[in-house]
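Tertiary structure, described
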Amino acid sequence: MATVIAREVRDGETVAVGTLAPVPASGVLLAHFTHAPRARVVLLNHPDYWPFRQGSKEFYDFAQRGGFDLFFLSGGQIDRHGNLNLIAVGDVERPRVRLPGGAGSAMLYYLARRVIVFRTEHSPRIFVERVDHVASPGSSPPEVARPGGPWKVVTPLCVFRFDRERKALVVESVHPGVTREELARRTGFALDDVGSVEVIPEPTSGELHLLRTRVREAVAKTYPQFAETAFTR
Amino acid sequence: MAVPGHVGSDYERLRPEFKVIPNPYDPAQPVMIVPAIRCDAALIHALAATPDGTLLLDHMEDDALLAQASRVVIASAERIVTRDELGRAGEGVVLEGIHVTAVVELPRGAHPTFVRGLYAVDAAHLSEYVVAARDDEAFRDYLARYVHGPKDHAAYLALLT
């Protein structure tokens with residue numbers, strides 16, 4: 001997933017990664033150490049990649065001005081229209097699962113030019129036909145000011161592309177060995193028939209080496225436990 | 001205040017105090033407005049403080065904003081220093097004492113969370129808390145042991161191994 005994310009980072013862009021996002025942080029750093037040395041990288045809670053002095057307010061103000069080209073979000077539920085639920089599963093008053101809350105996601109999903117949605121679990125309880133509550137809508141009516149929005153959804157099984165015309169996720173590529181049947185079984189909404197689907201190339205030995213060395217070392221400053229366990233394979 | 005984005009999300013349904021109005025500067029465009037949060041009290045922990053309540057705060061956190069949104073601000077600090085020493089006490093942002101109601105010296109006052117540069121998160125203790133929080137009886141035991149039991153912060157810290 002980290003190498004898939006790295007390939008989406010473009011050199012010279014301003015790229016930010018928020019809270020609880022070690023996989024995007026790893027991918028962005030990998031890109032920064034390879035093809036995107038001139039990207040401006042912002043990692044929340046990282047001592048070396050946090051160019052703000054006045055807390056997250058300064059970060060959010062910067063984002064509201066359209067300062068970020070690429071940002072990352074996730075969801076307790078994600079639906080086929082790119083809607084994200086960070087509020088609750090089930091009734092809000094008596095939720096089955098209380099999620100952390102939308103925080104800035106309903107702003108960043110509109111204002112960051114491209115948003116990559118990531119989720120390390122690909123299952124029917126996460127990828128649903130319709131989220132219970134929309135913290136961040138995938139699309140908006142034309143009168144709503146919205147320069148940005150969903151771009152891709154990256155999971156351990158596949159990459160969805162967000163089709164702006166159809167306002168829906170379509171399968172763009174799958175990880176090696178993932179069959180269409182498995183993908184359909186583990187996705188809670190009907191997959192759009194998009195014809196040919198590419199297979200995502202395996203990480204190169206160079207990418208793996210960088211992930212296990214420089215990236216791991218840098219990510220450890222924010223996610224020590226993740227750095228300890230995630231790069232061993 | 002106005003917040004960008006948000007229009008069309010379920011916050012319109014779930015938070016009736018969040019309102020969507022025509023943007024006064026471009027009436028064709030809807031914009032969400034939210035009321036300011038006004039807290040009765042804020043409890044914040046500083047890297048260092050002067051006796052008049054001026055605080056040196058972690059620049060990655062929003063404590064200065066929280067203090068300014070609250071009627072009463074009670075600060076604890078790793079150490080009390082002079083104004084001169086505050087400037088040399090380390091990286092951070094300074095919040096002037098005019099925003100602060102009371103200040104107390106409390107080394108390791110952020111435990112089990114962290115103070116950047118001084119001590120890390122106590123992951124084992126947080127795990128203990130998470131397990132205890134799963135049921136009422138276990139949580140009562142946790143409170144008795146760590147919150148109501150110790151007579152002061154030093155006694156609390158002495159419980160930790």
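All values reported here derive from a predicted model rather than from experimental measurement. (Residues numbered from 1 in each chain as written. Chains lettered and ligands numbered in written order. Predicted model: local features only at pLDDT ≥ 70, side-chain atom pairs only at ≥ 80, totals over all residues.)

**Brief notes about the overall build of chain A**
Under the convention used in this document: Under the scheme used here, helices are H or I runs from DSSP no shorter than 4 residues and strands are E runs no shorter than 2 residues, and both carry numbers assigned from the N terminus. For a compact globule the rule gives 2.2 Å times the number of residues to the power 0.38, and the radius of gyration it is set against comes from C-alpha atoms. Counting other C-beta atoms within 10 Å of its own, a residue is labelled buried from 20 upward, exposed at 12 or fewer, and partly exposed in the gap between, with every C-beta atom placed from the backbone. By definition, residue pairs are in contact when their C-beta atoms, positioned from the backbone, come within 7 Å.
Counting its regular elements, chain A contains 7 helices and 13 strands. Against the 2.2 N^0.38 benchmark of 17 Å for 233 residues, chain A shows a C-alpha radius of gyration of 17 Å, consistent with a compact globule. Dimensions of chain A, computed from the C-alpha atoms along their principal axes, are close to 45 × 40 × 35 Å. Out of the 233 residues in chain A, the part that is buried amounts to 43%. Expressed as a percentage of contacts within chain A between residues at least 6 apart in sequence, the contacts between residues at least 24 apart total 67%.

**Some remarks on helix α2 (residues 22-33) of chain A**
Residue and element names in this part refer to chain A. Here is the rule: For a helix, the expected span equals 1.5 Å multiplied by the number of residues minus one.
With 12 residues, α2 extends 16 Å between its outermost C-alpha atoms, agreeing within 8% with the 16 Å of an ideal straight helix rising 1.5 Å per residue. Among the 12 residues of α2, 10 are classified as buried, and the element is accordingly described as predominantly covered. Every buried residue of α2 is accounted for by V23, P24, A25, S26, G27, V28, L29, L30, A31 and H32. Here the buried face of α2 lies against α1 (2-8), β1 (14-17), β2 (40-43), β3 (70-73), β8 (114-118) and α6 (205-219).

**Notes on the sheet that holds strand β2 (residues 19-23) of chain B**
All names here are of chain B. Under the convention used in this document: Strand pairing is assigned whenever DSSP detects at least two bridges linking the two strands.
Pairing in this open sheet of 3 strands is antiparallel, and the strands run β1-β3-β2 from one edge to the other. Edge positions in the sheet fall to β1 (2-3) and β2, since each has one partner strand and no second. Both β1 and strand β3 (residues 26-33) contribute to a ladder of 2 bridges, which runs antiparallel. Among the inter-strand pairings, V3 is bridged to a residue of β3, identified as M32.

**Side note on the pairing of strand β11 (residues 158-163) of chain A**
Residues and elements named next belong to chain A. Where strand β10 (residues 149-154) meets β11, 3 bridges bridge the pair, whose relative direction is antiparallel. What sits directly across from V154, in β11, is V159. The turn joining β10 and β11, which pair antiparallel and follow one another in sequence, is formed by 3 residues. One ladder, built from 6 bridges, connects β11 with strand β12 (residues 168-174); its direction is antiparallel. Among the inter-strand pairings, D163 is bridged to a residue of β12, identified as A168. Between β11 and β12, which pair antiparallel one after the other, the connecting turn spans 4 residues, and K167 there sits at a positive phi close to 50°.

**Overview of the interface of chain B and chain A**
In plain terms, the rule: As a working rule, the residues Ala, Val, Leu, Ile, Met, Phe, Trp, Tyr, Cys and Pro are called nonpolar, Asp, Glu, Lys and Arg charged, and the rest polar, with Gly in that last group.
Across the boundary between the two partners, chain B contributes 20 residues, which contact 25 residues of chain A. The element that contributes the greatest number of residues to the side of chain B that touches chain A is β3(B), accounting for 3 residues. Its residues placed into classes, the side of chain B that touches chain A shows 11 nonpolar, 6 polar and 3 charged.

**Re the nonpolar core**
Heads up, the rule is: Remark: nonpolar core denotes a set of buried Ala, Val, Leu, Ile, Met, Phe, Trp, Tyr and Cys residues whose joining runs through C-beta atoms within 7 Å. Each domain's limits were defined by an automated method or a database of domain assignments.
I5(A), V28(A), F71(A), V115(A) and I116(A) are the most contacted members of the largest nonpolar core, which has 68 residues in total. Counting only domains with at least three residues in this core, you end up with domain 1 (1-51 + 204-233) and domain 2 (78-202) of chain A. Beyond its immediate chain neighbours, meaning those up to four positions away, I116(A) contacts I5(A), E8(A), L70(A), F72(A), W151(A), K152(A) and V154(A). If you look at the next biggest cluster of nonpolar residues, it comprises 21 residues, including A67(B), A75(B), L95(B) and L106(B).

**Some details on the environment of G148(A)**
On the secondary structure map, G148(A) appears in the loop between β9 (127-128) and β10. Expressed as a C-alpha distance, the spacing of G148(A) and L108(A), which sit 40 residues apart in the sequence, is 8.3 Å.

**Digging into the domain arrangement of chain B**
Residue and element names in this part refer to chain B. Entries for chain B in the domain assignment read domain 1 (2-33), domain 2 (38-118) and domain 3 (122-161). If you average the C-alpha positions of domain 2 and of domain 3, the two centres end up 24 Å apart. If you look at the interface, domain 2 gives 5 residues, while domain 3 gives 6 residues.

**What about the domain arrangement of chain A?**
All names here are of chain A. Considered domain by domain, chain A is made up of domain 1 (1-51 + 204-233) and domain 2 (78-202). Measuring from the centre of the C-alpha atoms in domain 1 to the corresponding centre in domain 2 gives 22 Å. On the side of domain 2, 8 residues touch domain 1, which itself brings 6 residues to the contact. Counting only elements with at least two residues in the side of domain 1 that touches domain 2, the list comes to α1 and α2. For the side of domain 1 that touches domain 2, the per-class residue count stands at 5 nonpolar, no polar and 1 charged.

**Quick word on the confidence of the model for chain B**
Detailed reading of the predicted model is not advised wherever pLDDT is low. In plain terms, the rule: pLDDT gives the predictor's per-residue confidence on a scale running from 0 to 100.
The pLDDT averaged across chain B works out to 94; a share of 99% of its residues lies at or above 70. With a pTM of 0.90, the predicted complex shows an ipTM of 0.86.

**Description of unusual backbone geometry**
Following H111(B), the chain continues into P112(B) via a peptide bond in cis, with omega recorded as 10°. Along the chain, the position of P112(B) falls in the loop between β9 (102-105) and α4 (123-132). At K167(A), a position not held by glycine, the phi torsion is positive, near 50°. Following the sequence through the fold, K167(A) ends up in the loop between β11 and β12. K167(A) gets classed as partly exposed once you count the C-beta atoms within 10 Å, which come to 17. Despite not being glycine, R108(B) shows a phi value in the positive range, around 60°. Structurally, the position occupied by R108(B) is in the loop between β9 and α4. With 17 C-beta atoms counted inside 10 Å, the residue R108(B) sits in the partly exposed group.

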